[in-house]
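Understanding the architecture of this molecule
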Amino acid sequence: MRWWNWAGSGNTWWGIEKRAASMKSTRPETAGLKAVMVVGQVRTRRTGRRRCTVSSALLVTALFLFLYGAGSIQAAKTPGDVALLERADRARKALLSSPARMKYRHHWERCIRLYDRVYKRYPQSDSAPWALYRSARLLTGLYRYSGSTKDLDEALKRFKRVVERYPQHRLADDAQFRIGEIFYKEKNDLSSAYVEFLKLDIKFPSGDMRPRAQAMLDRLASVISRKEEARLRKEARRRGAVHVKDIRHWSTPNYTRVVVDLDAPVKYTSRLLKPDPRIKKPRRLYLDLRHARVSKDIDSYIPIKDGLLKAARAAQHSPDSVRVVLDMESVGGYKIFHLYDPFRIVVDVRRSAEKRKAGPSRAERKRKPRKGIRRADTSRPPVSLAGQLGLSVKRIVIDPGHGGRDPGCRGPGGLLEKNIVLRLAKIVAARIRKEVGCEVFLTRTRDVFVPLERRTAIANMKKADLFISLHVNAHRNRRIHGLETYFLNMATDKRAVLVAARENATSEKNISDLQAILNDLMLNTKIHESNRLALKVHAGMVSQVKKKYKKVRDLGVKQAPFYVLIGAEMPAVLVETGFLTNPVEARRLTTKTYMAQMAAGISRGIKSYIDSIDQVYRGG
Ligand SMILES: [Zn+2]
């Protein structure tokens, strides 16, 4: 949409320097738009004297009569909303073509009121979103003169209203873009800007504003990560060197996850080196960690030998930096990201597709798979587009949240989230096996601690087709209750950030730092499928629970950056099965009936997701 050409030659007024033009407000003390304007009274700057211009009052009256008359004549031909909108447009054009007028607040407010009239009288008409959108643009322009954040916030409110009330309208994605732009250009709030542009990318995938939003996301991601680096450098100077505490790994012949544990956040770079036969070095991937040291008490050489990686080793590369090297035997692709609290760098390494088809390597044939981990199933011929996209569902991993030293949230009478979800997971697994006929694995079957990054590693190693993490919710307000389902993405509301911070055992601040890394990871994540899975599972769960219980609140499908979902290579969702802090739901969560309903609902949701794959990708 390029409707903003209305300002004459492009949107030239956009570039007007805020300071260059001084704003003369008729009522500086009440910047709010609801204030009644005193037409014809202008306080001149030089004298501060009020000059009552009777002639201008008369003129306005005459103008009003004229326009009213013209309006009623026009109404006979055009619908009322269109006539009103045209009138507002004329006023706006007159304003924006006159720099002298733009200096006075009341001229802006008059235009905005004209648009308000369209929106208020004809909220269902096609003119309403146009009026809202244009008034929001005017408020943004007004802000450039007034410098009043009230004007800017009012503009934001109106753009949001366009998105929320008219989501199908062609202006909805434009409004969403303007919201991001305001956070970026006017408020200099990069994190919020990122989230707003991301919303456009997700909500309006076929909108014409998407390429512009994606360009903004790229730009912001690099700015945010540069800022984060600067923060880390500052922190490192203050605290001294960061220590590599441990290197852990989980592996199968086709997939390996290596985790480097550190005692504080660190800046790092990575590089893939070609094999060098002269010095008998295999292909290797290295990470350089700045301002870091290797703790003396850790094993700095870890043999892996799983057919993918030979070994991982860490060494002091220079007095100020540590190099972690992964010696590779055969690698298709790799992915590096980090998580916080405690800081850890995760490297996922996967075998290339051709190698996998070619059958197991010598190392694989020699090695027995690790206990509990199945050998990769390579005998699945893709039969449909869904199959080719890897969307058939044969194996599901259910993840009961928390466990061991991590109890999750607490409820009345010593109720713990970790116990409830473990019990529930077993019931859900049995139900899915019976009704869907899939293989189902749990990430834990006992009360043990499992790190978040281990849980997706399990799902990746098992080559699971779906990953479902089960949790119980908490809120400071005991009255809050209901069911909600999440998929991995940037949080689009405040409460989602809180839920993610709690489940990640991290601060809200670190949630915003996740944005830059998420952007890269998203490329390989099945967001769209995860979203569909979340919708199906959620609908199944809510409708099933509603059959037996009254006052079941549907909190909907949401998105947030959950650590436990990051790095999952299959559609993955996190289900919050009720609030342990709400007395009614806490009681329900301990009963067999509730768990059975929940299991039936989730299982039904999965089934309907599987059925829908065939529908969505039919004919492939
Ligand atoms: Zn939880």
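Structure first, text after, so check above.
Bear in mind that the values here come from a model prediction, so they are computed numbers and not experimental data.

A word on unusual backbone geometry
Backbone geometry places H291, a non-glycine residue, at a positive phi of 50°. Locating H291 in the fold gives a position in the loop between β6 (284-290) and β7 (292-294). Classification of H291 by relative accessible area gives partly exposed; the value is 22%.

Looking at the side chain of T456
Within the secondary structure layout, T456 lies in helix α14 (residues 452-461). Reaching out from T456, the side chain makes a polar contact with the backbone oxygen of I566 at a distance of 3.5 Å. In this view, T456 contacts R257, V564, L565, I566, G567 and A568; residues no more than four positions away in its chain are not counted.

Things to note about the pairing of strand β15 (residues 466-473)
Within β15, eight of the eight residues are buried, leaving the element largely enclosed by the surrounding structure. The alternating pattern of β15 places L466, I468, L470 and V472 on one face and F467, S469, H471 and N473 on the opposite face, and all of these are buried. Here five bridges tie strand β13 (residues 395-400) to β15, and the two strands are oriented parallel to one another. By the bridge assignment for β15, I396 is matched with L466. With six bridges connecting them, β15 and strand β18 (residues 572-579) associate as parallel partners.

As for helix α17 (residues 527-548)
Taking 1.5 Å as the rise per residue, α17 with 22 residues should run 32 Å; its terminal C-alpha atoms sit 32 Å apart, in good agreement. When we look at burial in α17, the residues that qualify are E529, S530, R532, L533, A534, V537, H538, G540, M541, V542, Q544 and V545.

What to know about the sheet that holds strand β5 (residues 268-273)
The sheet built from five strands is open, its strands ordered β5-β6-β10-β9-β8 with antiparallel pairing. With partners counted over all chains shown, the strands left at the sheet margins are β5 and β8 (301-303), one partner each. For this sheet the average axis-to-axis angle between neighbouring strands, irrespective of direction, equals 15°. With eight bridges connecting them, strand β9 (residues 309-318) and strand β10 (residues 321-328) associate as antiparallel partners. Residue pairing across strands places S318 opposite S321, the latter belonging to β10.

Structural notes on the pattern of salt bridges
This structure, assessed with the given rule, holds 25 salt bridges. With a closest N to O distance of 3.6 Å, K157 and E154 form a salt bridge. Remark: E154 and K157 occur in helix α6 (residues 149-165); sequence separation between them is three residues, near one turn of the helix. Given the relative accessible area of 45%, K157 is considered partly exposed. With its nearest N and O atoms 3.1 Å apart, the salt bridge here joins R395 to E439. With R395 in strand β13 and E439 in strand β14 (residues 439-442), this residue pair connects regions lying 44 residues apart in the sequence. Each of the salt bridges in this network shares a partner with another, and the network as a whole consists of D116, E154, K157 and R158.

Here's the deal with the sheet that holds strand β12 (residues 344-350)
The strand order across the open sheet built from five strands is β7-β3-β4-β12-β11, with neighbouring strands paired in mixed fashion. Every other strand in the sheet has two partners, leaving β7 and β11 (333-339) as the edge strands with one partner each. With strand direction ignored, the average angle separating the axes of adjacent strands in the sheet is 30°. Strands in contact with α14 are β3 (242-251), β4 (255-262), β11 and β12; relative to β4, the strand with the most contacts, it is inclined by about 170°.

Some points on the nonpolar core
Nonpolar side chains tend to gather and get buried jointly when the protein is soluble and globular. Grouped together as the largest cluster of nonpolar side chains are 60 residues, with contacts concentrated most on L262, L289, I345 and F562. The element best represented in this core is β4, accounting for five residues. Residue assignment places this core across two domains, with domain 2 (241-366) and domain 3 (385-616) each supplying three or more. Every residue in contact with F562, bar those within four places of it in the chain, is listed here: Y486, L488, V499, A500, E503, N504 and L574. Listed in part, the 53 residues of the second largest apolar core include L85, A155, F197 and L217.

Quick look at the packing of aromatic side chains
Evaluated as defined, the whole model comprises five aromatic pairs. For the pair Y486 and F562, a centre-to-centre distance of 5.0 Å together with 70° between the ring planes defines the contact as edge-to-face. Of this pair, Y486 sits in strand β16 (residues 483-488) while F562 sits in the loop between β17 (554-560) and β18, placing them 76 residues apart in sequence. For the pair formed by Y486 and F562, the shared burial category is buried. Considering the side-chain rings of Y549 and Y594, the 5.4 Å spacing of their centres and the 70° angle between planes classify their relative orientation as edge-to-face. Taken as a pair, Y549 in the loop between α17 and β17 and Y594 in helix α19 (residues 592-616) lie far apart in primary sequence, 45 residues in all. Take Y549 and Y594: they sit in the same class, and that class is buried. Over the face of the ring belonging to Y286 we find R323, whose NZ or CZ atom lies 3.7 Å from the ring centre.

Concerning the packing of helix α5 (residues 127-146) against α6
Orientation of α5 relative to α6, taken along the N-to-C sense of each, is 160°, at an axis distance of 8 Å. Classified by the interaxial angle, the pair formed by α5 and α6 is roughly antiparallel. When the axes of α5 and α6 are compared, the crossing they make is left-handed. Touching P129, L132, Y133, S135, A136, R137, L139, T140, L142, Y143 and S146 of α5 are T149, D151, L152, E154, A155, R158, F159, R161 and V162, all from α6. Residues that form the contact of α5 with α6 fall into these classes: 11 nonpolar, four polar and five charged.

So, a positive patch on the surface
Residues R233, K234, R237 and R290 make up a contiguous surface patch of positive charge. At three residues, helix α9 (residues 210-239) tops the list of elements feeding residues into the positive patch. Structurally, R290 is set in strand β6. The class of R290 is partly exposed, set by a relative accessible area of 33%.

Cut-off values and rules
- Residues numbered from 1 in each chain as written.
- Predicted model: local features only at pLDDT ≥ 70, side-chain atom pairs only at ≥ 80, totals over all residues.
- Heavy atoms only, no water.
- Helix = DSSP H or I, 4+ residues; strand = E, 2+ residues; numbered from the N terminus.
- Buried < 20%, exposed > 50% of the residue type's maximum accessible area, 1.4 Å probe, protein only.
- Polar contact = N/O pair within 3.5 Å; in protein donor to acceptor, adjacent residues only side chain to side chain.
- Contact = heavy atoms within 4.5 Å.
- Pairing = 2+ DSSP bridges.
- Expected span 1.5 Å × (residues − 1).
- Axes fitted to C-alpha atoms, helices over the stretch in contact; angles between N-to-C directions.
- Salt bridge = Lys/Arg side-chain N within 4 Å of Asp/Glu carboxyl O.
- Core = buried A, V, L, I, M, F, W, Y, C linked by side-chain atoms within 4.5 Å.
- Domains from an automatic or database assignment.
- Phe/Tyr/Trp six-rings, centres within 6.5 Å; stacked < 30°, edge-to-face > 60°.
- Lys NZ or Arg CZ within 6 Å of the ring centre and 35° of its normal.
- Parallel < 35°, antiparallel > 145°, perpendicular 65-115°, else oblique.
- Left-handed = near helix turned anticlockwise from the far one by under 90°.
- Nonpolar A, V, L, I, M, F, W, Y, C, P; charged D, E, K, R; others polar.
- Patch = residues over 30% accessible without salt bridge, like charges linked within 9 Å, V, L, I, M, F, W, Y side chains within 5 Å.
- Areas by Shrake-Rupley, 256 points an atom, 1.4 Å probe, with all protein chains shown as cover.
- Lys, Arg positive; Asp, Glu negative; His and termini not counted.
- Charge placed at Lys NZ, Arg CZ, Asp CG, Glu CD.

Everything listed is a geometric property; what it means functionally is a separate question.
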